[in-house]
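Coordinates in review
This is what each chain is made of:
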Amino acid sequence: MISRVRVWLNRTYAENVFFMDQLRKNPSDRAVEIHATHGDADSPVLAAADTADLEPEGLSPAGYVEYALDQCQRRGIDVFVPRLHQSAIVAHRAEFEAVGTALLAPPPEAVAVFEDKVIAYEAVQAIGVPVPPWFRVRSADELVGAVEELEAGGHKACFKPASGAGGVGFRVITRAPFSLVHLNGFPSPYVPLDVVVEALRQADEAVDWLVMPRLEQPEVSVDCLTGPDNRIRLAVGRTKNGRRRGFTLHEQWLEPARLIAEGFGLHYLSNIQFRMFGDRPVLMDVNTRPAGGLHQLSLCGVNAPWAAVQLALGEDPGEMVPPFLGQDYTVVSGPRPLRAVSLPQQREASEPLPAVPAPAMAEPVAVEAAASVLPL
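The sections below set out a description of the structure shown in this document. By convention here, each chain's residues receive numbers from 1 onward along its written sequence. With pLDDT at 70 or above as the cut-off, local features in this predicted model cover only qualifying residues; side-chain atom pairs require 80 or more to be listed or tallied, and sums for whole chains, interfaces and linings still use all residues. To get the side-chain values, all heavy atoms of the structure are used, and hydrogens and water are removed first.

**Here's the deal with the overall build of the chain**
What counts here: In this description a helix means any DSSP run of H or I spanning at least four residues, a strand means any run of E spanning at least two, and both kinds are numbered starting from the N terminus. Taken over C-alpha atoms, the radius of gyration is set against a globule rule of 2.2 Å times the number of residues to the power 0.38. We call two residues in contact when some of their heavy atoms are within 4.5 Å. The Shrake-Rupley method, run with a 1.4 Å probe sphere, supplies the accessible areas, and residue values consider only the shown protein chains as cover. By the counting rule applied here, Lys and Arg register as positive and Asp and Glu as negative, while His and the ends of each chain are not counted. Charged groups are reduced to one reference atom each: NZ for lysine, CZ for arginine, CG for aspartic acid, CD for glutamic acid.
Within the chain, the regular secondary structure consists of 11 helices and 17 strands. Its C-alpha atoms give the chain a radius of gyration of 22 Å, near enough to 21 Å, the size a compact globule of 376 residues would have. Overall size of the chain, expressed as C-alpha extent along the three principal axes, is 65 × 45 × 45 Å. Sequence-distant contacts in the chain: of pairs separated by 6 or more residues, those separated by 24 or more amount to 67%. Put simply, the chain shows about 17,400 Å² of open surface, and 53% of that area lies on carbon and sulfur atoms. Each charge class in the chain was averaged separately, 33 positive and 46 negative side chains, and the resulting centres sit 4 Å apart.

Next up, the structure:
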């Protein structure tokens, strides 16, 4: 009898409720039990999990590693998909292996390269992957100089933190003075240069920003599955152009993604993003973790989360080619049930799996924190 697989996702994105669904509906018909932890008791991933814990706040990276090792040992975790403190966790891979847990994450050297966008741009440029012009900025004067140089080349300047994920801190520079235009409607990513300069000059702490031209659509996110042997098993591009989404296997996107994933050993699931600079694709960002939208590959007949778990368990799924490319689609918000209590009802790890993998919800509360996909 094949034993069930116990998978843990820590402080992950709400959209990964779909990642969890795909693990349970795997083509191997293998029983999967999911553990989730988060800092927010109302995260939908906690409600979607079989067992869940609230994470302690204020732990240092080293303290979090100790917490994670305890979770893995106590919960009998077979595969751990770390998001929070990924770099600290992967540095202790041997300790996790010693308690029987495989890490679904790249080695520490690969994670380190892509934690800092400047180091990442320099590294990928050295292997022949094109990147946009960029400036590292830590002061108001450096910001003004970078913006002026980009504008002189006919570009609109934008900035984002040199380290970070999910588009947090991204802003587009404008020369228009602050006015009611900026206060009407929904908040905008556009910020007047003089407002940013004044904020920098009055700040008590330095910033570390990457300033670059605003890149054009389409945006293509290439989801990659790479084995510990540095060989790609799967690469599919998800295209974004305004509301419209789609899929591509065009080599102008896949070839540079393969160079990065295989060249830097981005083992298991990674997401490599490109946009257009003039008439050519350039690298925008690299995520050393599964993308929130990875589940959308199910529209191409692919279950990437399960294939990654197989790889982590030493069960090679082999090279995967989508049997078809799904039709264009759009992403909409939808309700997910939450528990009426602060944490899902727990069951002991020794208890058998319920007949229905996802626990039933009593008096659900709607939350628009996860997205589903609909064809256009």
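**With respect to helix H3 (residues 61-75)**
For the record, the criterion: Given the number of residues in a helix, its expected span is that number minus one, multiplied by 1.5 Å. Note on exposure labels: buried denotes an accessible area under 20% of the residue type's maximum, exposed denotes more than 50%, and partly exposed covers the range between, all computed with a 1.4 Å probe on protein chains only.
Compared with an ideal rise of 1.5 Å per residue, which puts 15 residues at 21 Å, H3 spans 21 Å between its outermost C-alpha atoms and is within 8% of the ideal. Of all the residues in H3, the buried ones are Tyr-64, Val-65, Tyr-67, Ala-68, Leu-69, Gln-71, Cys-72 and Arg-75. Close packing links the buried residues of H3 with strand E1 (5-10), strand E2 (32-38), strand E3 (51-54), strand E4 (79-81), helix H4 (86-90) and helix H5 (93-98). Downstream of H3 by a residue or two, Gly-76 has a phi angle that is positive, lying close to 65 degrees.

**Examining the pattern of salt bridges**
Stated formally: Take a side-chain nitrogen of Lys or Arg and a carboxyl oxygen of Asp or Glu: if they are within 4 Å of each other, that pair is a salt bridge.
Going through the model one piece at a time under the given rule, you end up with 24 salt bridges. Between Asp-21 and Arg-336 there is a salt bridge, and its shortest N-O distance comes to 3.8 Å. Taken together, the residues Asp-21 in helix H1 (residues 17-24) and Arg-336 in the loop between strand E16 (329-334) and strand E17 (370-375) connect sequence positions 315 residues apart. Residue Asp-21 is classed as partly exposed on the basis of its relative accessible area, which comes to 21%. Here Asp-53 makes a salt bridge to Arg-75, at a shortest N to O gap of 3.1 Å.

**Here we look at the nonpolar core**
Going by this rule: Nonpolar core, defined: a set of buried Ala, Val, Leu, Ile, Met, Phe, Trp, Tyr and Cys residues in which side-chain atoms within 4.5 Å join the residues together.
Val-7, Leu-23, Leu-104, Leu-269, Leu-297 and Val-309 are the most contacted members of the largest nonpolar core, which totals 39 residues. Among the elements that line this core, the one with the most residues is helix H11 (residues 304-312), at seven residues. Residues in contact with Leu-23, not counting those within four places in the same chain, are Val-7, Val-32, Ile-34, Pro-305, Trp-306 and Val-309. Core analysis: the second largest hydrophobic core is formed by 34 residues, Phe-114, Ala-123, Leu-254 and Leu-266 among them.

**Overview of the sheet that holds strand E7 (residues 157-161)**
Defined as follows: Strand pairing requires that DSSP identify at least two bridges connecting the strands. Every angle, taken between N-to-C directions, lies between 0 and 180 degrees, and every axis is a line fitted to C-alpha atoms, over only the stretch in contact when it is a helix.
Here five strands make up an open sheet; going across it, the order is E6-E10-E7-E8-E9 and the pairing mixed. Every other strand in the sheet has two partners, leaving strand E6 (135-137) and strand E9 (190-192) as the edge strands with one partner each. Across the sheet, the axes of successive neighbouring strands diverge by a mean angle of 35 degrees, strand direction being ignored. As paired elements, strand E8 (residues 171-174) and E9 share three bridges and run parallel to each other. Bridging across to E9, Ile-173 finds its partner in Val-191. Strands E6, E7 and strand E10 (209-213) of the sheet are contacted by helix H7 (residues 117-126), whose axis makes an angle of about 50 degrees with E10.

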